[in-house]
Amino acid sequence: NAGVMQNPRHLVRRRGQEARLRCSPMKGHSHVYWYRQLPEEGLKFMVYLQKENIIDESGMPKERFSAEFPKEGPSILRIQQVVRGDSAAYFCASSPSFEGSIQYFGAGTRLSVL
Amino acid sequence: DAKTTQPTSMDCAEGRAANLPCNHSTISGNEYVYWYRQIHSQGPQYIIHGLKNNETNEMASLIITEDRKSSTLILPHATLRDTAVYYCIVDGNQGGKLIFGQGTELSVKP
């Protein structure tokens, strides 16, 4: 049973470009979460999605960031017009609907903005 | 904001038990205590959780005080691969976001 898959593992963008981060949850998991970890800081929740629905986006910056989890395919975290402050590790987690707060994390995508 | 307080760092000798404390004095009756860890540059990993009874699995044991205001994660025989940041999280167990504090950086030394 494959774990949570994130790609790419490393992404380099220049200021003003778009970044697309992908997350394939574990098989059978319908809940996806995105977290961000800035350099030398803790993990911060960004957004929680179920298939085709955003459940909680209280941690998402109001501008430039968006997330989706379509009926088919991976969840996508999209950052438009990236700035240097967006450089961070972005982690995706998934859970089934019946395991409370146990979340299974991917290895992360490390975004570097030049 | 995190509802827990943990020491910033701890050391443990390889092969000895690592006891990581966590204070959660404002925990409410329906909230669970969860432990995760993050090995350097990797994604967080679930370890164990509990409500009021002590719990044990293949990774660790969780001891929760009777008043539930604090708990201790025990790694019975720490190895170098247990070096990581350990996060204690209080959560209502309904799914949804996890709130990570600063955690305890555990260094297991040979």
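As a starting point, this report considers the structure included with it. (Residues numbered from 1 in each chain as written. Chains lettered and ligands numbered in written order. Predicted model: local features only at pLDDT ≥ 70, side-chain atom pairs only at ≥ 80, totals over all residues. Heavy atoms only, no water.)

### Brief notes about the state of the cysteines
Line of reasoning, step 1. What the rule picks out here adds up to two disulfides over all chains.
Line of reasoning, step 2. Covalent S-S linkage joins Cys-23 of chain A and Cys-92 of chain A, the inter-sulfur distance amounting to 1.8 Å. On the sign convention where negative means left-handed, the S-S torsion of about -55° between Cys-23 of chain A and Cys-92 of chain A marks this disulfide as left-handed. Separated by 69 residues along the polypeptide, Cys-23 of chain A in strand S3 (residues 19-24) and Cys-92 of chain A in strand S9 (residues 88-95) bring together distant segments of the chain.
Line of reasoning, step 3. For Cys-23 of chain A, a relative accessible area of 0% puts it in the buried group.
Line of reasoning, step 4. Given a relative accessible area of 0%, Cys-92 of chain A falls into the buried group.
Line of reasoning, step 5. Between the sulfur atoms of Cys-22 of chain B and its disulfide mate Cys-88 of chain B the distance is 2.1 Å. (Disulfide = S-S within 2.5 Å. Helix = DSSP H or I, 4+ residues; strand = E, 2+ residues; numbered from the N terminus. Buried < 20%, exposed > 50% of the residue type's maximum accessible area, 1.4 Å probe, protein only.)

### Some words on the interface of chain B and chain A
Line of reasoning, step 1. With 18 residues of chain B at the interface, the matching set in chain A holds 18 residues.
Line of reasoning, step 2. For the pair chain B and chain A, the summed buried area comes to about 1,500 Å², and 53% of that belongs to carbon and sulfur atoms.
Line of reasoning, step 3. Taken as a group, Pro-44, Lys-97 and Phe-100 of chain B account for 31% of the area that chain B buries against chain A, more than any other trio of residues on that side.
Line of reasoning, step 4. Taken together, the links from chain B to chain A amount to zero salt bridges.
Line of reasoning, step 5. The interface formed by chain B and chain A contains nine residue pairs in polar contact (both at pLDDT 80 or more). (Contact = heavy atoms within 4.5 Å. Buried area = accessible area lost by both parts, 1.4 Å probe. Salt bridge = Lys/Arg side-chain N within 4 Å of Asp/Glu carboxyl O. Polar contact = N/O pair within 3.5 Å; in protein donor to acceptor, adjacent residues only side chain to side chain.)

### Points about the pairing of strand S6 (residues 61-64) of chain B
Residue and element names in this part refer to chain B.
Line of reasoning, step 1. In the sheet, strand S5 (residues 55-56) pairs with S6 via two bridges, with the strands oriented antiparallel. Bridge assignment links Thr-56 to a residue of S6, and that residue is Ser-61.
Line of reasoning, step 2. Here S5 folds back onto S6, and the loop between the two strands holds four residues.
Line of reasoning, step 3. Of the strand pairs in this sheet, S6 and strand S7 (residues 70-75) are connected by four bridges, and their pairing is antiparallel. (Pairing = 2+ DSSP bridges.)

### Overview of the environment of Glu-14 of chain B
All names here are of chain B.
Line of reasoning, step 1. For Glu-14, the position within the fold is in the loop between strand S1 (9-13) and strand S2 (18-23).
Line of reasoning, step 2. Of the residues examined, Glu-14 reaches a relative accessible area of 41% and is grouped as partly exposed.
Line of reasoning, step 3. Separated by 65 residues in the primary sequence, Glu-14 and Thr-79 place their C-alpha atoms 5.2 Å from one another.
Line of reasoning, step 4. Among residues more than four places away in sequence, those in contact with Glu-14 are Ala-78, Thr-79, Leu-80, Val-108, Lys-109 and Pro-110.

### Here's the deal with the nonpolar core
Soluble, globular proteins show a tendency: their nonpolar side chains are buried together.
Line of reasoning, step 1. Counting 23 residues, the largest nonpolar core has Trp-34, Met-46, Leu-77 and Tyr-90 of chain A as the members making the most contacts within it.
Line of reasoning, step 2. Elements that contribute at least two residues to this core include exactly S3, strand S4 (31-37), strand S5 (43-50), strand S7 (65-68), strand S8 (75-79), S9 and strand S11 (109-113) of chain A.
Line of reasoning, step 3. Discounting chain neighbours no more than four positions away, the residues touching Tyr-90 of chain A are Gln-6, Leu-21, Tyr-35, Arg-36, Met-46, Phe-65, Leu-77, Ile-79, Gly-108, Thr-109 and Leu-111 of chain A.
Line of reasoning, step 4. Core analysis: the second largest hydrophobic core is formed by 21 residues, Val-33, Ile-47, Ala-84 and Leu-106 of chain B among them. (Core = buried A, V, L, I, M, F, W, Y, C linked by side-chain atoms within 4.5 Å.)

### Focus: the packing of aromatic side chains
Residues and elements named next belong to chain B.
Line of reasoning, step 1. Within the structure shown, the criterion is met by ten aromatic pairs over all chains.
Line of reasoning, step 2. Ring plane angle 70° and centroid distance 6.0 Å describe the contact between Tyr-36 and Phe-100, whose orientation is recorded as edge-to-face. Of this pair, Tyr-36 sits in strand S3 (residues 32-38) while Phe-100 is found in the loop between strand S8 (84-91) and strand S9 (104-109), placing the two residues 64 residues apart along the sequence. The same class applies to Tyr-36 as to Phe-100, namely buried.
Line of reasoning, step 3. Measuring from centroid to centroid gives 5.1 Å for Tyr-87 and Phe-100, while their planes differ by 85°, and the two rings are edge-to-face. Residue Tyr-87 is located in strand S8, and its partner Phe-100 is located in the loop between S8 and S9; the two are separated by 13 residues in the primary sequence. Both residues of the pair, Tyr-87 and Phe-100, count as buried. (Phe/Tyr/Trp six-rings, centres within 6.5 Å; stacked < 30°, edge-to-face > 60°.)

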